[in-house]
Amino acid sequence: MLSVQPSIDTGIARIAPQFRALSMLVEAAPLRHPQVGEAALARACAEVVAGGPDWAQAHLDAWSEVFKRFGAKPKRTPCSADALRKRVLRDGSMAAIDPVVDLYNAISLRYAIPVGGENLAAYVGAPRLVIAEGTERFDMMKDGQLAEESPEPGEVVWRDDLGVTCRRWNWRQGVRTRLSATDSQMWFILESLPEMPIDALHAAGDELAAGLQEMMPGSIIRSSLLTV
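Cut-off values and rules
- Residues numbered from 1 in each chain as written.
- Predicted model: local features only at pLDDT ≥ 70, side-chain atom pairs only at ≥ 80, totals over all residues.
- Heavy atoms only, no water.
- Phe/Tyr/Trp six-rings, centres within 6.5 Å; stacked < 30°, edge-to-face > 60°.
- Helix = DSSP H or I, 4+ residues; strand = E, 2+ residues; numbered from the N terminus.
- Buried < 20%, exposed > 50% of the residue type's maximum accessible area, 1.4 Å probe, protein only.
- Salt bridge = Lys/Arg side-chain N within 4 Å of Asp/Glu carboxyl O.

Per an unreviewed UniProt entry, the chain is named B3/B4 tRNA-binding domain-containing protein, and its organism is Phytobacter diazotrophicus.

Chemist: Hey, could you run me through the packing of aromatic side chains in this one?
Modeler: Each aromatic ring pair is summarised here by two numbers: the centre-to-centre distance and the angle between the ring planes. Applying the stated criterion across every chain, the model contains nine aromatic pairs. Between Phe 19 and Trp 63, the aromatic rings sit 6.2 Å apart at their centres with planes inclined by 80°, giving edge-to-face as the arrangement. Placement of the pair is Phe 19 in the loop between helix H1 (12–15) and strand E2 (20–27) and Trp 63 in helix H3 (residues 56–69), with a sequence separation of 44 residues. Taken as a pair, Phe 19 and Trp 63 share a single burial class, namely buried. Where Trp 63 meets Phe 67, the ring centres are 6.2 Å apart and the plane angle is 90°; that geometry is what we call edge-to-face.

Chemist: Would you mind going over unusual backbone geometry with me for this structure?
Modeler: As a rule of thumb, non-glycine residues mostly have phi less than zero, and peptide bonds are mostly trans rather than cis. Going from Gly 52 to Pro 53, the amide bond is cis rather than trans, its omega being -10°. Looking at where Pro 53 falls in the secondary structure, it is placed in the loop between helix H2 (35–50) and H3. The phi dihedral of Ala 112 is positive, around 50°, even though this residue is not glycine. Along the polypeptide, Ala 112 turns up in the loop between helix H5 (99–111) and strand E3 (115–119). A residue is classified by how much of its surface remains accessible, and Ala 112, at 0% relative accessible area, is buried. For Asp 143, which is not glycine, the phi dihedral falls at a positive 55°.

Chemist: Whenever I open this one, the pattern of salt bridges confuses me. Can you help?
Modeler: Side chains bearing opposite charge may pair, as long as their charged atoms lie close to each other. Tallied over the entire structure, the rule returns ten salt bridges. When the shortest N-O distance is used, the salt bridge between Arg 110 and Glu 207 registers 2.4 Å. Taken together, the positions of Arg 110 in helix H5 and Glu 207 in helix H6 (residues 198–215) put the pair 97 residues apart, joining distant regions of the chain. On the accessibility criterion, Glu 207 (27% relative accessible area) is partly exposed. Across the pair Asp 160 and Arg 176 runs a salt bridge, and its minimum N-O distance is 2.8 Å. Residue Asp 160 is found in the loop between strand E7 (156–159) and strand E8 (164–167), and its partner Arg 176 is found in the loop between strand E9 (172–173) and strand E10 (185–192); the two are separated by 16 residues along the sequence. Using a relative accessible area of 27% as the deciding quantity, one classes Arg 176 as partly exposed.

Structure below.
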């Protein structure tokens, strides 16, 4: 079983003192039922349009406040869950991308929670949530070409030994560690603030694990709770 242990820098407690996250390491079995992801995404979009869950807006508002504390402008660069939900509320649905990506986007939408999915085999060292110095490398696409930039000093980022893997906490994922259903070593991070009930956080993780097992029977999944 994968033995990587993601970590959270102690400085994060000053920005989000009650932050907690569910980390899920997955040794993926071959993809057998790719339709699971798209079906989950369609159901989640319908639930968002219907208005659930009842604590969703409070959770997203709390994320906006956290983003402001490290200098981000949430109206321009919102947390990933907020961006997804606004897109669905505007369009009524979301197009399928990849079976696994569709599944974790469905969890994000249904539970109003930022969910990251990463190709763990592309990591050098363990994932860690830190406050950026501003000199780290972040790979991205610009005008259809691979490019690099650096985060702002003081920005909260996920990174490994090579550089930043996700900017502004959970706003934009890097290219190097992007996940697809063909990857065999996966890492998921479900990020929660206290405005989301802790039972809902665990339910979101259980639902993601069940979807992965249905999609890729025989996958080995290990979950752990991270706190500041």
